[in-house]
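Close look at the chain arrangement
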Amino acid sequence: MDGCWLLLLGALLLLLPPLLLMEAFGALRFRLKIISYCALCVLLSALAVPVCLLKSGGRSADNMSVVRAFGRVMKYVYGMRFEVKGLENFNIEGPCVVISNHQSVLDMMGLFEILPDRCVQIAKKELLYAGPAGIVAYLAGVVYINRKRTSDAKSIMAEVAQTMLKENLKVWVYPEGTRNNNGDLLPFKKGAFHLAIQAQVPIIPVVYASYHTFYNQSRNLFRTGKIKVEVLPRVETKDLMEENASELTEKCYTMMRETFFQLSNKADETRGSVLAAQ
Ligand SMILES: CCCCCCCCCCCCCCCC(=O)SCCNC(=O)CCNC(=O)[C@H](O)C(C)(C)COP(=O)(O)OP(=O)(O)OC[C@H]1O[C@@H](n2cnc3c(N)ncnc32)[C@H](O)[C@@H]1OP(=O)(O)O
Ligand SMILES: CCCCCCCC/C=C\CCCCCCCC(=O)OC[C@@H](O)COP(=O)(O)O
C-alpha cells in the first residue's frame, strides 16, 4: 500500500501546477479543475482495482467498500464538507432502492460520503469505457444500462430486482437519468420505482442541496463548499403493483423537490415562480 500512496502523492504533485494556473484564468481554471477531478477519479480507481481483485477475486458488491474508501480521498482534495441528516434511515434490514438527485460529476464525493454497505449503482453503459473508473465500478457491482434502449434497460432492471433480493443488495438509482445543475429537479424516470415495486422493497430518498454557491458550470465556478444532505424516511412499496409506479414516482418526486428547496435555502417565491413556469 506504501507504493500506492507514493503514486497518489506523485500524481497530486503533478496536479499542482495546473491548479495554480487556475488562479489566473476563469474558464481555463474551471476546465482544469474538472479535468483534474476526473483524473483523480481515474487514478484512485486504478489504485482500487488491484485491492478489489485481492479482496474478492472478481466482481462483488463487497468491493464497493474499497471503492468508497478510495473515493473519500476526493473530498479532502477539493475541500468539500458535508452536513448529513437522517443517516439512521439507512438502518433497515434487507434490500432497498436508494434514489437521489444528480447535479454533476462532483456527486461522486457525496455518494461516497454516505454510501451504505453492499449498495451498487445503476449507471449509463458509457461509463464502462471510462478506463480504470469503469473497470473498478464493474468490479464493485455497478449495473450498466443502455438508456437509449428502454426495453433492454427494463429487462436488466428486472434481473436486478431478483439479484438484489438474492444477494441482499441496496441499489442506488439517479431517477433524473442524467446530470442536472439547473437549480431544480428534472422530472423522474420510472425505472427505480418499477424496480422497487418488482422487488417489493422500500425506497430511501436522498437529497443533496443545490451546489449553486460553489459550483456552476455556466459561470465557471468550482470552489470549496459545504453540501447539505438529507436521507429521508423510507417509502414503502409493499402491495403496490406495476400500475402504481407513476403515482409512486410522483410521490417521491414531490417529497424530494420540497426537501431540495428547503436544503438549498430557496425562498418560497423562487419555488413559486419555478412551479408557475412549468
Ligand atoms: C475511487 C473513485 C472511483 C470513482 C469511479 C467509480 C464509480 C463507482 C460509482 C459509480 C457511480 C455511477 C453513477 C452513474 C450515474 C449515471 O449513470 S445516471 C444515468 C443512468 N441511470 C439511469 O438512467 C437511471 C434512471 N433511468 C431510468 O430508470 C429509466 O426509467 C430507464 C430504465 C433508463 C428507461 O428510460 P426511459 O425509457 O427514458 O424512461 P421512462 O420514461 O421512465 O420509461 C418509459 C416507459 O417504460 C416504463 N418503465 C421504465 N422502467 C421500467 C421497468 N423497469 N419495468 C417496467 N416498465 C418500466 C415506464 O413506466 C414508462 O412507461 P409509461 O408509464 O410512460 O407507460
Ligand atoms: C478507454 C480509456 C478512456 C479514459 C477516459 C477517462 C475519462 C474518465 C472521466 C471521468 C471518470 C470519472 C467517472 C466517475 C463517475 C461519474 C459518474 C457521472 O457523473 O456520470 C454521469 C452520468 O451519471 C450521467 O451522464 P450524463 O449527464 O447523461 O452525460
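The model shown is predicted, which means the values in this text are computed figures rather than measured ones.

Quick look at the site of ligand 1 now. Inspection of the region around ligand 1 gives 28 residues, with Lys124, Thr150, Lys154, Lys190 and His194 positioned closest. At 2.7 Å, a side-chain N or O of Thr150 approaches an oxygen atom of ligand 1. Within the side chain of His194, a nitrogen or oxygen atom sits 2.8 Å from an oxygen atom of ligand 1. Relative to its free-state accessible area of 1300 Å², ligand 1 is covered by the protein chains to the extent of 82%. Contributing elements (two or more residues each) for the shell around ligand 1: helix 2 (26-56), helix 3 (64-71), strand 3 (119-124), helix 7 (150-166) and helix 8 (191-199). When the residues that make up the shell around ligand 1 are grouped by side-chain class, the tally is 14 nonpolar, nine polar and five charged.

What follows is about the UniProt feature "transmembrane region" (unreviewed entry) in the protein chain. Per the UniProt annotation, the sites labelled "transmembrane region" (unreviewed entry) are residues 34-54 and 127-145. Secondary structure across residues 34-54 divides into 100% helix and 0% strand, with the first and last C-alpha atoms of the span separated by 31 Å. Note that residues 127-145 is 42% helix and 16% strand, and that its end C-alpha atoms are spaced 10 Å apart.

Residues annotated by UniProt as "domain: Phospholipid/glycerol acyltransferase" (unreviewed entry) correspond here to residues 96-211. Helix makes up 36% of residues 96-211 and strand 21%, and the two end C-alpha atoms of the span are 27 Å apart.

Near ligand 2, the surroundings consist of 14 residues, among which His102, Lys124, Arg147, Thr178 and Arg179 are the closest. Between ligand 2 and the protein, one listed contact pairs an oxygen atom with a side-chain N or O atom of Lys124 at 2.9 Å. Its free accessible area being 770 Å², ligand 2 has 65% of it covered by the protein chains. For the shell around ligand 2, the leading source of residues is helix 2, giving three residues. Looking at the shell around ligand 2 residue by residue, the classes come out as eight nonpolar, three polar and three charged.

Spatially, seven strands are ordered 1-9-6-2-5-3-4 in an open sheet, and the strand pairing comes out mixed. The open sheet has two free edges, formed respectively by strand 1 (80-85) and strand 4 (143-145), since each of these has just one partner strand. For this sheet, the mean angle separating the axes of adjacent strands, direction not counted, is 25°. Both strand 2 (residues 96-100) and strand 5 (residues 170-173) contribute to a ladder of four bridges, which runs parallel. From the neighbouring strand, Val97 faces strand 5, where its bridge partner is Val171. In the packing of helix 8 onto the sheet, the strands contacted are strand 2, strand 5 and strand 6 (203-208), and the crossing angle to strand 2 comes to about 165°. Along the sheet, helix 9 (residues 245-263) contacts strand 2, strand 6 and strand 9 (225-231); its crossing angle with strand 6, the most-contacted strand, is approximately 30°.

What counts and how
Residues numbered from 1 in each chain as written. Chains lettered and ligands numbered in written order. Predicted model: local features only at pLDDT ≥ 70, side-chain atom pairs only at ≥ 80, totals over all residues. Heavy atoms only, no water. Near = heavy atom within 4 Å. Polar contact = N/O pair within 3.5 Å; in protein donor to acceptor, adjacent residues only side chain to side chain. Areas by Shrake-Rupley, 256 points an atom, 1.4 Å probe, with all protein chains shown as cover. Helix = DSSP H or I, 4+ residues; strand = E, 2+ residues; numbered from the N terminus. Nonpolar A, V, L, I, M, F, W, Y, C, P; charged D, E, K, R; others polar. UniProt positions renumbered as here; feature names shortened; annotations may be inferred. Pairing = 2+ DSSP bridges. Axes fitted to C-alpha atoms, helices over the stretch in contact; angles between N-to-C directions. Contact = heavy atoms within 4.5 Å.

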